[in-house]
Amino acid sequence: MRYLFIILSVWFSSHSWANTDIEHKQTVLKAGYLTLGSSPLVFTNSKNELSGLLPDLMNHIAKKSHLELEFVAFNNPKEIISALEKNEIDFIVGISLSFERKRNMVFSQPILAVPYGMISNESYKDREKEKKIIAIEDGFMPNDLLQQKDERVSALIMPDILLALNSVKTGISDAYIGNAITLNSLFTQANIKTPLKFSILEQLPLEKMHIATSKVNSYLLNIINDEISSLEDGELRSIYKKWLTRSQIELLEHPNRIKLSQQERAYIRSKSILRIGYQFDQKCYKDNDIFYLQIADIVHKFSNILNVDFKFVNVHGYDAAREMLDRGEIDIISAVAISPLRKKQVNFTMPFGSESWVIVNKIEDKNIYGITQKIK
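Thresholds applied
Residues numbered from 1 in each chain as written. Predicted model: local features only at pLDDT ≥ 70, side-chain atom pairs only at ≥ 80, totals over all residues. Heavy atoms only, no water. Phe/Tyr/Trp six-rings, centres within 6.5 Å; stacked < 30°, edge-to-face > 60°. Lys NZ or Arg CZ within 6 Å of the ring centre and 35° of its normal. pLDDT = per-residue confidence, 0-100. Contact = heavy atoms within 4.5 Å. Axes fitted to C-alpha atoms, helices over the stretch in contact; angles between N-to-C directions. Helix = DSSP H or I, 4+ residues; strand = E, 2+ residues; numbered from the N terminus. Parallel < 35°, antiparallel > 145°, perpendicular 65-115°, else oblique. Left-handed = near helix turned anticlockwise from the far one by under 90°. Nonpolar A, V, L, I, M, F, W, Y, C, P; charged D, E, K, R; others polar. Core = buried A, V, L, I, M, F, W, Y, C linked by side-chain atoms within 4.5 Å. Buried < 20%, exposed > 50% of the residue type's maximum accessible area, 1.4 Å probe, protein only. Arc of directions from axis to C-beta. Polar contact = N/O pair within 3.5 Å; in protein donor to acceptor, adjacent residues only side chain to side chain. Pairing = 2+ DSSP bridges.

S.K.: When you look at the packing of aromatic side chains in this model, what are you seeing that I'm missing?
M.R.: To describe a pair of aromatic rings, you give the distance between the ring centres and the angle between the ring planes. For the structure on display, the rule yields 9 aromatic pairs. Over the face of the ring belonging to Tyr318 we find Arg342, whose NZ or CZ atom lies 4.1 Å from the ring centre.

S.K.: Could you clarify how one ought to interpret the confidence of the model for the protein chain in this entry?
M.R.: Caution applies to low-pLDDT parts of the model: their predicted coordinates are not meant to be read in detail. Counting all residues, the mean pLDDT for the protein chain is 82, and 80% of those residues have values of 70 or more. Segment residues 6-26 is flagged for pLDDT under 50; beyond a separation of four residues in sequence, or across chains, it makes 71 contacts in the model.

S.K.: Even after reading the chapter, I still don't get the packing of helix α1 (residues 53-65) against helix α6 (residues 220-230), so can you show me in this structure?
M.R.: Axis angle and axis distance: for two packed helices, these are the angle between their axes and the distance between the axes, and together they describe the pair. At a minimum axis separation of 9 Å, α1 and α6 run at an interaxial angle of 110 degrees. As the angle between them shows, α1 and α6 are arranged roughly perpendicular. When the axes of α1 and α6 are compared, the crossing they make is right-handed. Packed against α1, whose contacting residues are Met58, Ile61, Lys64 and Ser65, the element α6 presents Ile223, Ile224, Glu227, Ile228 and Ser230 at the interface. For the contact of α1 with α6, the class distribution of residues is 5 nonpolar, 2 polar and 2 charged.

S.K.: Would you take a moment to explain the nonpolar core for this structure?
M.R.: One recurring pattern in soluble globular proteins is that nonpolar side chains are buried together. Core analysis: the largest hydrophobic core is formed by 48 residues, its most contacted members being Leu54, Phe91, Val93, Ile111, Leu112, Ile211 and Ile224. When residues in this core are grouped by element, the largest group, 6 residues, is from α1. Among the nonpolar cores identified, the runner-up in size contains 17 residues, and Leu274, Val299, Phe310 and Ile332 belong to it.

S.K.: Got a minute to help me understand helix α4 (residues 161-169) in this structure?
M.R.: Residues that lie three or four places apart on an α-helix share one face, since the helix turns once every 3.6 residues. Turning to α4, its buried residues number three or more, namely Ile161, Ala164, Leu165, Ser167 and Val168. Relative to the axis of α4, the buried residues are bounded by an arc of 150 degrees and lie together on one face. If you follow the buried residues of α4, they end up packed against β9 (116-121), β10 (132-137), β11 (153-158), β12 (175-179), α5 (180-189) and β13 (196-200). Capping the start of α4, Asp160 holds a side-chain oxygen 3.0 Å from the backbone nitrogen of Leu162, two or three residues further along. Directly after α4, the chain includes Gly171, whose backbone phi takes a positive value near 85 degrees.

S.K.: Please explain the pairing of strand β14 (residues 207-214) as it appears in this structure.
M.R.: As a general feature of sheets, a regular strand has side chains that alternate between the two faces. Where burial is concerned, most of β14 is hidden: 8 out of the 8 residues are buried. Across the two faces of β14 the burial is the same, with Glu207, Met209, Ile211 and Thr213 and Lys208, His210, Ala212 and Ser214 all buried. Bridge analysis of strand β6 (residues 91-96) against β14 gives 4 bridges, and the strand direction is antiparallel. By the bridge assignment for β14, Ser96 is matched with Met209. As judged from the 3 bridges shared by strand β7 (residues 105-107) and β14, these two strands associate in the antiparallel manner. Each bridged residue has a counterpart across the sheet, and for Phe107 the counterpart in β14 is Ala212. Alignment of strand β8 (residues 112-114) against β14, held across 3 bridges, turns out to be antiparallel. Across the sheet, the residue bridging to Leu112 is Met209, located in β14.

In structure tokens, the structure reads:
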């Protein structure tokens, strides 16, 4: 498979889709939560019950939706995703959207938007020019997103949040990046004897948390999304104040807004039109070009959000487009397949689509490439 990306000067936020069938088929629905090290968003209380901001928010949404819920706790991402795939639960509450997860899941509108935080050794900043090992929880943050911000960074994938934090305490990793609210809670409550520092990573996009279900049960999200859209600020503030400190509440961003740095905002303000380089297929009309239609749809959405117009400019291949980018003739290159070399030349968004590669063999009955045939 190859992945297609849009190269942008700004970070794009996630979007969600839902099925149109609203028939409710179950009386009691099971909602899964990742609890280990996730306080105050979700945790098991002294009565062995799930508690925290996310269960409280989900209960509030379910009550308005006339849904009856049963909560189920999980300790790591693989367990909870496997349970959804096996239909052992109906929802995952508080999961971030990724290209790979969208293959098997359907996501609600975002219910929470939190910046990334970092717990690091005190010597982290003093070693800016050295290679660093960053611990991230398995399934939490895309490794490509981390590395394209700094090539000197390599990721250490840990099975859960507590082991990731322990890797920093013991010096196995230089820092741990994760959800800023849960990291802030861990940092203030844990008995950390090693000199560590907590900081907010302004240069990274927000982690947007969603409610996800399997594609079979996608009809449920129509009900959920309606109630998420109708949530008023007063309702949300009441839930936030119950579970978060004032400083943690200040970390929250509006779930449906794009987080831009001051530099990114200034860049957009300086442009009346953003020019997108795209290699048009000369053998078909634009209305039949699937890639163009995908990009045009994304561009239309972000034109409204960013309050800026976009214009497509025809380019002839990646190399020519990159030269135009360097000369300032275009601002964005679209529909680009990533490679190690290109990652050194430009910055990529997360993938927005994929396509299969095939080889057409002109020599009959001979597999000259030694490639195993795909089993149908």
